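Per-entry structural report
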Amino acid sequence: VKAARYAAAIAVVALISSVLYLVLRPAPTSDQLYTSYYSGYESPGAVRSGTSSGNALMDNALAFDSAREYDKAIGYLEQVITSDQGNMEPVFMYGMANMEVSNFPVAEGSFTKVINHNDNLYIEDAAWYLGLCYMMTDEKEKAVNQLSAIADSRNRHSRQAAKLLRKLR
């Protein structure tokens, strides 16, 4: 009988401890969530078009991006964007390179431009990365709205967005 009381007491203490841990543990920070959910963009292949000088600049930009020399890639991407304003690939890649150097406000602008263009292959990815940018610039309401829209859509990032949204709220 005494052993049963001790076992019951230990079980109650363990249960209370577990509940307190779950209730009182700190929420993950934006940096922790970003580290868990961000992965660099993997291009599905060469889908570029444009002038030959634009291609040379873009090739250089992509080479520096692949070499993780993002500052150099950004310089080339700025030139490509200036010379070929209707092409959303360099705009998207510019956003990605800026994310890599933690320049989230600039990345936000690039992803917003890609989404607003509304006729390119990068819209789904731009929407996802824009949500991450909002999270990293402490624009929680915008992040929640962006991730909610993705979670409720057929976007290929919808599952990730739903998971992140639960942790962000």
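All figures in this text were calculated on a predicted structure; none of them were measured in a lab.

**Points about the pattern of salt bridges**
Considering all chains together, one arrives at 3 salt bridges under this definition. Between Arg156 and Asp125 there is a salt bridge, with the nearest N and O atoms lying 2.5 Å from each other. Residue Arg156 is found in the loop between helix H8 (140-151) and helix H9 (158-168), and its partner Asp125 is found in helix H7 (residues 123-136); the two are separated by 31 residues along the sequence. Judged by its relative accessible area of 5%, Asp125 falls in the buried class. With its nearest N and O atoms 3.2 Å apart, the salt bridge here joins Lys142 to Glu139. In this structure Glu139 comes out as partly exposed when scored by relative accessible area, which is 22%.

**Quick word on unusual backbone geometry**
At Arg68, a position not held by glycine, the phi torsion is positive, near 65 degrees. Notably, Asp138 is not glycine yet its phi reads approximately 60 degrees, a positive angle.

**Topic: the packing of aromatic side chains**
To describe a pair of aromatic rings, you give the distance between the ring centres and the angle between the ring planes. Counted by the stated rule, this structure contains 10 aromatic pairs. Arranged with centres 5.6 Å apart and planes meeting at 15 degrees, the rings of Phe64 and Tyr76 form a pair that is stacked. Of this pair, Phe64 sits in helix H3 (residues 52-66) while Tyr76 sits in helix H4 (residues 70-83), and the two are 12 residues apart along the sequence. According to the relative accessible area criterion, Phe64 is partly exposed, its value standing at 23%.

**Concerning a nonpolar patch on the surface**
On the surface, a nonpolar cluster with roughly 260 Å² of combined accessible area is contributed by Val12, Ile16 and Leu20. Mapped onto the elements, Val12 comes out in helix H1 (residues 2-24).

**Remarks on the confidence of the model for the protein**
Residues with a pLDDT of 70 or more make up 90% of the protein, whose mean pLDDT is 89. Highest mean pLDDT in the protein belongs to helix H6 (residues 104-117) (98); lowest belongs to H1 (83). Considering only residues more than four positions removed or in separate chains, one finds that residues 46-52, a stretch of pLDDT under 50, has 12 contacts.

**Brief notes about the nonpolar core**
Ranked by internal contacts, the top residues of the largest apolar core, which has 44 residues, are Phe92, Met99, Phe111, Trp128, Tyr129, Leu132 and Met135. Contributing elements (two or more residues each) for this core: helix H2 (30-37), H3, H4, helix H5 (88-100), H6, H7, H8 and H9. Per-element tally for this core: the top contributor is H7, with 10 residues. Non-local contacts of Leu132, meaning those with residues more than four positions away in its chain, are made with Tyr34, Tyr37, Tyr38, Met99 and Leu164.

Conventions adopted
Residue indices follow the written sequence of each chain, beginning from 1 at its first position. This being a predicted model, a pLDDT of at least 70 is required before a residue's local features are given, and a value of 80 or more before pairs of side-chain atoms are given or counted; all residues contribute to the totals for chains, interfaces and linings. The basis for every side-chain value is the complete set of non-hydrogen atoms in the structure, without hydrogens or water. Any Lys or Arg side-chain nitrogen located within 4 Å of an Asp or Glu carboxyl oxygen qualifies as a salt bridge. To qualify as a helix, a DSSP run of H or I must reach at least 4 residues; to qualify as a strand, a run of E must reach at least 2; elements of each kind are numbered from the N terminus. Relative accessibility thresholds used throughout: buried, under 20% of the residue-type maximum; exposed, over 50%; partly exposed, between the two (1.4 Å probe, protein chains only). When two rings of Phe, Tyr or Trp (its six-membered ring) have centres within 6.5 Å they constitute a pair, described as stacked for plane angles under 30 degrees, edge-to-face for angles over 60, and tilted for the intermediate range. A residue counts toward a patch only above 30% relative accessible area and without a salt bridge, and it is joined to like-charged neighbours within 9 Å or, for Val, Leu, Ile, Met, Phe, Trp and Tyr, to nonpolar neighbours within 5 Å. Note on areas: these come from Shrake-Rupley sampling with a 1.4 Å probe, and a residue is covered only by the protein chains present in the view. The predictor's confidence in any single residue is recorded as pLDDT, a number from 0 to 100. Should any heavy atoms of two residues lie within 4.5 Å, those residues are considered in contact. Remark: nonpolar core denotes a set of buried residues (Ala, Val, Leu, Ile, Met, Phe, Trp, Tyr, Cys) joined through side-chain atoms within 4.5 Å.

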